[in-house]
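# Analysis of the macromolecular model
What follows is each chain in one-letter form.
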Amino acid sequence: MLEVQLSAKPALFGAAEGLFGTKDASTAGIVLTASTQSTILQVLSPPGATGVAEKLQAWVGAEGAGLRPNGPGNWFVVCDAQPPRESLEALSKTLEGRAELLDQSHGRTRIKVSGPKVTQMLAKGTAIDLREHQFAPGQSAPTLFGHISAQLTRVSPENFEILVLSSFALSLWDSLIVMGREFGIQAHC
Amino acid sequence: MASLITCPHCGVRPKEEFTIRGDASVTRPSPEADGEVWHAYVHLRDNPRGLHKEYWHHTSGCRRWLVVTRDTVSHDVIDVSDAGALA
Ligand SMILES: [Zn+2]
């Protein structure tokens, strides 16, 4: 029988890094990074549950975390670092009976794309209207990026986050480098 | 084919984000219904010229089932609503 050795490795293990399309980092129109230490929670609530968005909003406000609405009754909560255990327990308690919390830190990867050319570049991947009055800072939406489903968030005018299934992260990373090449792109994860 | 669908949850999106299941006007028969009725429900479809009501799934967005009413001649999308409202 064939022996299969399973080994754990980070989602962006072996990802391409460095400068592409330019030799000078100061002229890069795009910067590509990843936030690999994030805690990512998925929140799912049944139809008819009320007040979940408000409770989540209050919690992310207090924790300095981010809220990414992923569809009716469905959110992602992203934290740059692991939130205190008591705080997570409190969140789970306040949502009791209205929503379930699932740790997705292992299952999703946060890729960050920024720079003066970022909307031009992202427009190659998604059909979302990225003009600032249509997709303002703080807005987040699930969309198709190339052929990959992902959650796109505008953090600030020239700063975006793409939350993607970890098994697709490397493929998306490579596509982003190709898309960014014409603007000069600096990638490091 | 209509190329832009206004999802009630996500806003305007291209058809590539959706999966089309088909006719939303047929009603599932009872499990006891006879073979002819089931045959009609599963296999027989009209190919309307003009208004058509279909189930579309927002696969790469909110993952909700929607009911899209569109015109097969002009490609106009007349209405998009969450299928949960029909159930
Ligand atoms: Zn949708």
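In this report, we go over the structure that sits alongside the text. Predicted model only: the values in this text are computed from it and were never measured.

Thresholds applied
Residues numbered from 1 in each chain as written. Chains lettered and ligands numbered in written order. Predicted model: local features only at pLDDT ≥ 70, side-chain atom pairs only at ≥ 80, totals over all residues. Heavy atoms only, no water. Helix = DSSP H or I, 4+ residues; strand = E, 2+ residues; numbered from the N terminus. Salt bridge = Lys/Arg side-chain N within 4 Å of Asp/Glu carboxyl O. Buried < 20%, exposed > 50% of the residue type's maximum accessible area, 1.4 Å probe, protein only. Donors = N, O, S within 2.8 Å, 3.2 Å for Na, K, Ca; no water. Tetrahedral: all angles 85-135°; square planar, octahedral: opposite > 155°, others 65-115°. Contact = heavy atoms within 4.5 Å. Buried area = accessible area lost by both parts, 1.4 Å probe. Polar contact = N/O pair within 3.5 Å; in protein donor to acceptor, adjacent residues only side chain to side chain. Nonpolar A, V, L, I, M, F, W, Y, C, P; charged D, E, K, R; others polar.

Let us now look at unusual backbone geometry. Residues and elements named next belong to chain B. Residues other than glycine seldom take positive phi values, yet R63 does so here, at roughly 60°. Within the secondary structure, R63 is located in the loop between β4 (51-57) and β5 (65-71). The backbone of H75 shows a phi angle near 70°, a positive value even though the residue is not glycine. Relative to the elements of secondary structure, H75 occurs in the loop between β5 and β6 (77-82).

Take the pattern of salt bridges next. Residue and element names in this part refer to chain A. One pass over the structure, following the stated rule, counts 10 salt bridges over all chains. For E161, the salt bridge is made with R68, and the minimal N-O distance between the two is 2.9 Å. Of this pair, E161 sits in strand β10 (residues 159-165) while R68 is found in strand β4 (residues 66-71), placing the two residues 93 residues apart along the sequence. The salt bridge partner of R131 is D129, with a shortest N-O separation of 2.6 Å. Residue D129 is classed as partly exposed on the basis of its relative accessible area, which comes to 31%. Salt bridges sharing partners connect three or more residues here, namely R68, D80, R110 and E161.

Another aspect to go through is the coordination of the zinc ion. The protein atoms that coordinate the zinc ion are C7 of chain B (SG), C10 of chain B (SG), H58 of chain B (ND1) and C62 of chain B (SG), at distances of 2.0 to 2.5 Å. Seen from the zinc ion, its four donor atoms lie at angles of 104 to 118°, and the figure they make is tetrahedral.

On to the interface of chain B and chain A, then. If you look at the interface, chain B gives 11 residues, while chain A gives 11 residues. For the pair chain B and chain A, the summed buried surface comes to about 790 Å²; carbon and sulfur atoms form 54% of the total. Area buried by chain B at its contact with chain A is led by R13, S60 and R63 of chain B, which between them contribute 47% of it. In this assembly, chain B and chain A are joined by zero salt bridges. If you look at where chain B meets chain A, you find six residue pairs in polar contact (both at pLDDT 80 or more). The residue inventory of the side of chain B that touches chain A, partitioned by class, reads two nonpolar, four polar and five charged.

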